[in-house]
Amino acid sequence: MENDKYFVIDFDSTFTKVEALDILAEISLEGHPEKEDRIRQIKEITDRGMDGSLSVKESLLKRLQLLEARREHLDELVSRLKNHVSESFKRNKEFIPNFRDNIFIVSNGFRDFIEPVVTPYGIRPDHIHANSFVFDEEGRIVGCDPECLLTENNGKANQLRKLEITGDVYVIGDGYTDYEIKAAGMANSFYAFTENVSRTNVIEKADHVTPNLDEFLFLHNMVRAHSYPKHRIKILLLENIHPQAEKLLKEEGYSVEVHAGGLDEDELCERIKDVSVIGIRSKTNITEKVIAHANRLMVVGAFCIGTNQIDLEACSKKGIAVFNAPYSNTRSVVEMAIGEIILLMRNIPDKSVKMHAGDWDKSAKGSFEVRGKKLGIIGYGNIGSQLSVLAENMGMNVFYYDAIEKLALGNATKCSSLDELLQTVDIISLHVDGRKSNENMISDREFNLMKEGVVFLNLSRGHVVDIPALKKAIESGKVRGAGIDVFPEEPKTNEDPFASELLGLPNTILTPHIGGSTLEAQENIASFVPNKIIDYINTGSTTNSVNFPNLQLPRLENAHRLIHVHLNTPGILASINNILANHNINITGQYLKTNEIIGYVITDIDKKYSEDVIKDLKSIKNTIKFRVLY
Ligand code: NAI
């Protein structure tokens, strides 16, 4: 412990989240006819005292008068304050006991409530310097100790002078009176503490702004709860990502910046330099050039399904993990498929067009229920299998075919080949992925195998259906209705025109790739991706990462976690373990996974080790990124 460092900490709005006298007012004025007005006045006076526009004594006495508080209110006050200790003080439990002899609470508040709140955290009672209430015979609070230095202007500075500390003094507080200690030459630096309140005139005077205790401990390289203060992690969200994402990431403590539109490559190269996480949708291209400028980037969050807009290889080579939201819009696609199946079975697209042209054509001809019909699902993945469940609930007989073995849900029947499925069913819905080999997997031959008058849907990927073959099948009546949401070539923006051979065909629903586009899906994406990001930053877990080897990791308990990303070359694990063995370090858990480009090694070790280990691990050849987590 460095004994020549001393820490002076303010109480109200620093050690606790609140101003104690505001809380006392809530208690003492309970049921008082002027309660609201008095509380407002007390808050105003507090702020004026804090920003220096009212003398300390005046501020105190005026508030005490308005409070009409009594001794018996104090127990309730203390119990409420205990629930309002600032999160970063609660989190960093070791700080106070570690520096017990060097920490002082200096406050313009009152010992009567400060002592019971701070001593359980390890503060020495004789290191609390604060005012004391004066009570009358009936227990009413009528004033404060006239002898106390802290009732006077510049009281905190004078109190420090009296303590005659020799050594470096650091003041942490949210108010102007905390700054006055430094101004009087009684402290080396003043840290404006902004976790609970942020006052411009105090920040202007501060040597440093510390958004919480974590930052202070980080700057002083002291033992702390988080290896890296979360607010230092800067996140940039582009392209109107749903506000839920910003909310979740801010709640986690990150600094989040939101930019409504996209950014072009040059703008992005500039903006990405100090960003740790970037959130994009489909229009922002994360190119190799952008990655080259990304000095701090750890994660790309794709708030969408596809990741074609991201150079995944460049990301991997720089140790940047990419996450997307592959399942968040599953339900939306399924609902649209169900809706289209019903509409097409009733010829509604044509009937609607006729009605708009003033043509009333009431008949049951060619209209069918879906109940009892055979639905064939090609691709029994997330979407296909969910469609299976919903369709069955409507009384359909479900058949499916998948390239790999998939368990049948409900009463669905598995087909052993695509051809078998095509020959069996009345309605076909495609839900395969977009792999290259699926190009034109439904073409003339496949349409010929289908029953006469099938309903055909493609809400998966445009290139899997041969469009001229589909056109022919619709025109010949082989396909009596089609729902097509995806196309081999799709316009890049809403301003670009759409062209297709399918335009104007009978009983054909064409939609602009909106199967998954619902507000619910957007909201799901905006929760799913941030949770992946938070998990990756906090634990190193890469479940569902698009480009990193997928590792699901346990939470860290009483250990430090070394996260090592390297180019996938032989011998790295051995090098890591050699270094740890040479330094006599006990490994409590180790996880390794590789893909073609990178290897990902997680090693949990005992908390005690020297900084040299970290240096050695970082210098292993082919290391891309290394971080320590605790
Ligand atoms: P998934 O990856 O969970 O399922 C795809 C399934 O297709 C897998 O089980 C796979 O084994 C199977 N498969 C691939 N090729 C096959 C083949 N030739 N024959 C038989 N089975 C084959 O994907 P998910 O999430 O269910 O999505 C399905 C499709 O829907 C994807 O192409 C996706 O891009 C698309 N999609 C479209 C949306 C829209 O807005 N229209 C929104 C979301 C997804």
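In the block above lies the structure referred to throughout.
Our subject in this report is the structure included herewith. Predicted, not measured: the structure shown is a model, and the values here were computed from it.

## A word on the overall build of the chain
Then comes step 1: Counting its regular elements, the chain contains 25 helices and 24 strands.
Then comes step 2: Taken against the 2.2 N^0.38 rule, which gives 25 Å for 630 residues, the C-alpha radius of gyration of the chain at 33 Å runs more than 25% over that of a compact globule.
Then comes step 3: Projected onto the principal axes, the alpha-carbon positions of the chain cover approximately 100 × 70 × 45 Å.
Then comes step 4: Contacts in the chain between residues at least 24 apart in sequence constitute 63% of all its contacts with a sequence separation of at least 6.
Then comes step 5: Total accessible area computed for the chain in this model is approximately 29,200 Å², and 48% of it derives from carbon and sulfur atoms.
Then comes step 6: Considering the chain, the positive charge centre built from 73 side chains and the negative charge centre built from 90 side chains are found 3 Å apart.

## Things to note about the sheet that holds strand β14 (residues 374-378)
Then comes step 1: Ordered in space as β16-β15-β14-β17-β18-β19-β20, the 7 strands form an open sheet in which the pairing is parallel. Across the chains shown, the open sheet's two edge strands, defined by having one partner strand only, are β16 (413-414) and β20 (508-510).
Then comes step 2: As defined by bridge partners, strand β17 (residues 427-430) adjoins strand β18 (residues 454-458) across 4 bridges and the pair is classed as parallel. Each bridged residue has a counterpart across the sheet, and for I428 the counterpart in β18 is F456.
Then comes step 3: Packing of helix α22 (residues 467-476) onto the sheet brings it into contact with β18, β19 (479-484) and β20, and relative to β19 it is tilted by some 140 degrees.

## Comments concerning the sheet that holds strand β21 (residues 560-567)
Then comes step 1: Spatially, 4 strands are ordered β22-β23-β21-β24 in an open sheet, and the strand pairing comes out antiparallel. One side of each edge strand has no neighbouring strand; the edge strands of this open sheet are β22 (587-594) and β24 (623-629). Averaged over neighbouring strand pairs, the angle between their axes works out to 10 degrees when direction is ignored.
Then comes step 2: In the packing of helix α23 (residues 519-539) onto the sheet, the strands contacted are β21, β23 (598-605) and β24, and the crossing angle to β24 comes to about 80 degrees.
Then comes step 3: Across the face of the sheet, helix α25 (residues 611-618) comes into contact with β21 and β24 while running at roughly 155 degrees to β24.

## Quick word on the pairing of strand β2 (residues 103-110)
Then comes step 1: Burial within β2 is extensive, with 8 of its 8 residues counted as buried.
Then comes step 2: In β2, alternate side chains face the same way, and those of I103, I105, S107 and G109 on one face and F104, V106, N108 and F110 on the other are all buried.
Then comes step 3: Note that strand β1 (residues 5-9) and β2 share 3 bridges and pair parallel. Bridge assignment links I9 to a residue of β2, and that residue is I105.

## Observations concerning helix α4 (residues 56-67)
Then comes step 1: Between its terminal C-alpha atoms α4 stretches 16 Å, which fits the 16 Å expected from 12 residues at 1.5 Å a residue.
Then comes step 2: Listed as buried for α4 are V56, S59, L60, R63, L64, L66 and L67. Projected down its long axis, α4 shows its buried positions confined to an angular sector of 165 degrees, all on one face.
Then comes step 3: E68 sits one or two positions beyond α4 and adopts a positive phi of about 50 degrees.

## Re the side chain of N212
Then comes step 1: For N212, the location among the structural elements is in the loop between β8 (208-210) and α12 (213-219).
Then comes step 2: The buried category is assigned to N212, whose relative accessible area is 11%.
Then comes step 3: From its side chain, N212 meets the backbone nitrogen of D214 in a polar contact 3.3 Å long.
Then comes step 4: Polar side-chain contacts of N212 include one of 3.5 Å to the side chain of H231.
Then comes step 5: Here N212 is in contact with S88, R91, F193, E195 and H231, once residues within four sequence places are set aside.

## A look at unusual backbone geometry
Then comes step 1: Of note in this structure, E164 is not a glycine but carries a positive phi near 50 degrees.
Then comes step 2: Residue placement: E164 occurs in the loop between α9 (155-163) and β6 (168-173).
Then comes step 3: Unusually for a residue other than glycine, N507 sits at a positive phi of about 40 degrees.
Then comes step 4: Of note, N507 is situated in the loop between β19 and β20.
Then comes step 5: The class for N507 is buried, based on a relative accessible area of 1%.

## Quick word on empty space enclosed by the protein
Then comes step 1: Applying the stated criterion across every chain, the model contains 2 cavities of 30 Å³ or more.
Then comes step 2: Of the volumes computed, that of the largest cavity is approximately 220 Å³.
Then comes step 3: Breaking the lining of the largest cavity down by element, the ones donating at least two residues are α2 (20-28), α3 (35-50), α4 and β2.
Then comes step 4: Looking at the lining of the largest cavity residue by residue, the classes come out as 6 nonpolar, 7 polar and 5 charged.
Then comes step 5: One number sums up the size of the second largest cavity: a volume of about 40 Å³.
Then comes step 6: Lining of the second largest cavity is provided by F89, N92, K93, F95, I96, P97, Y121 and L213.
Then comes step 7: Sorting elements by how many residues they give to the lining of the second largest cavity places helix α7 (residues 95-98) first, with 3 residues.

## Considering the pairing of strand β5 (residues 141-144)
Then comes step 1: As paired strands, strand β4 (residues 133-135) and β5 are joined by 3 bridges and run antiparallel to one another. Bridge pairing in β5 places V134 opposite G143.
Then comes step 2: Here β4 folds back onto β5 in antiparallel fashion, the turn holding 5 residues, of which G139 has a positive phi close to 85 degrees.

## Re the nonpolar core
Then comes step 1: Within the largest apolar cluster, 52 residues are counted, with the highest numbers of intra-cluster contacts made by F11, F15, L24, L81, F95, F113 and F133.
Then comes step 2: A total of 6 residues in this core trace back to one element, the largest contributor, which is α2.
Then comes step 3: In this structure, I525, A526, L553 and L629 belong to the second largest nonpolar core, which totals 31 residues.

## A short note on the site of the ligand
Then comes step 1: In the region of the ligand, 26 residues are neighbours, and N382, I383, D402, V432 and N438 sit closest.
Then comes step 2: Within the backbone of A403, one N or O atom sits 2.9 Å away from a nitrogen atom of the ligand.
Then comes step 3: V432 has a polar backbone atom sitting 2.7 Å from an oxygen atom of the ligand.
Then comes step 4: Burial of the ligand by the protein amounts to 86% of the accessible area it has alone, namely 860 Å².

## As for the packing of aromatic side chains
Then comes step 1: A full pass over the atoms with the stated rule returns 28 aromatic pairs.
Then comes step 2: Aromatic side chains F15 and Y121 sit 5.4 Å apart centroid to centroid with 85 degrees between the ring planes, which places their arrangement in the edge-to-face category. Here Y121 lies in the loop between α8 (111-118) and β3 (128-131) and F15 lies in helix α1 (residues 11-15), a separation of 106 residues in the sequence.
Then comes step 3: Look at F15 and you get buried, because its relative accessible area is 0%.

## Observations concerning the packing of α2 against α3
To characterise two packed helices, one gives the angle between the axes of the helices and the distance between these axes.
Then comes step 1: At a minimum axis separation of 10 Å, α2 and α3 run at an interaxial angle of 170 degrees. When the axis of α2 is compared with that of α3, the two are roughly antiparallel. Touching D22, A25 and E26 of α2 are K35, I39, I42, K43 and T46, all from α3.
Then comes step 2: A per-class count over the contact of α2 with α3 returns 3 nonpolar, 1 polar and 4 charged.

## Remarks on the environment of V601
Then comes step 1: Tracing the backbone shows V601 in strand β23.
Then comes step 2: Taking the C-alpha atoms as reference points, V601 and G540, 61 residues apart in sequence, are found 9.9 Å from one another.
Then comes step 3: Those residues within four positions of V601 in sequence are excluded, and the remaining contacts are L562, I563, H564, H566, L573, I576, Q590, Y591 and L592.

Reading guide: rules and limits
Residues numbered from 1 in each chain as written. Predicted model: local features only at pLDDT ≥ 70, side-chain atom pairs only at ≥ 80, totals over all residues. Heavy atoms only, no water. Helix = DSSP H or I, 4+ residues; strand = E, 2+ residues; numbered from the N terminus. Rg over C-alpha atoms; globule rule 2.2 N^0.38 Å. Contact = heavy atoms within 4.5 Å. Areas by Shrake-Rupley, 256 points an atom, 1.4 Å probe, with all protein chains shown as cover. Lys, Arg positive; Asp, Glu negative; His and termini not counted. Charge placed at Lys NZ, Arg CZ, Asp CG, Glu CD. Pairing = 2+ DSSP bridges. Axes fitted to C-alpha atoms, helices over the stretch in contact; angles between N-to-C directions. Buried < 20%, exposed > 50% of the residue type's maximum accessible area, 1.4 Å probe, protein only. Expected span 1.5 Å × (residues − 1). Arc of directions from axis to C-beta. Polar contact = N/O pair within 3.5 Å; in protein donor to acceptor, adjacent residues only side chain to side chain. 1 Å grid on protein atoms, 1.4 Å probe; cavity = no way out; pocket = protein on both sides within 12 Å on 5 of 7 lines; lining within 4 Å. Points joined across faces, edges and corners; volume = space filled by probe spheres on them. Nonpolar A, V, L, I, M, F, W, Y, C, P; charged D, E, K, R; others polar. Core = buried A, V, L, I, M, F, W, Y, C linked by side-chain atoms within 4.5 Å. Near = heavy atom within 4 Å. Phe/Tyr/Trp six-rings, centres within 6.5 Å; stacked < 30°, edge-to-face > 60°. Parallel < 35°, antiparallel > 145°, perpendicular 65-115°, else oblique.

Keep in mind these values describe shape, not function.
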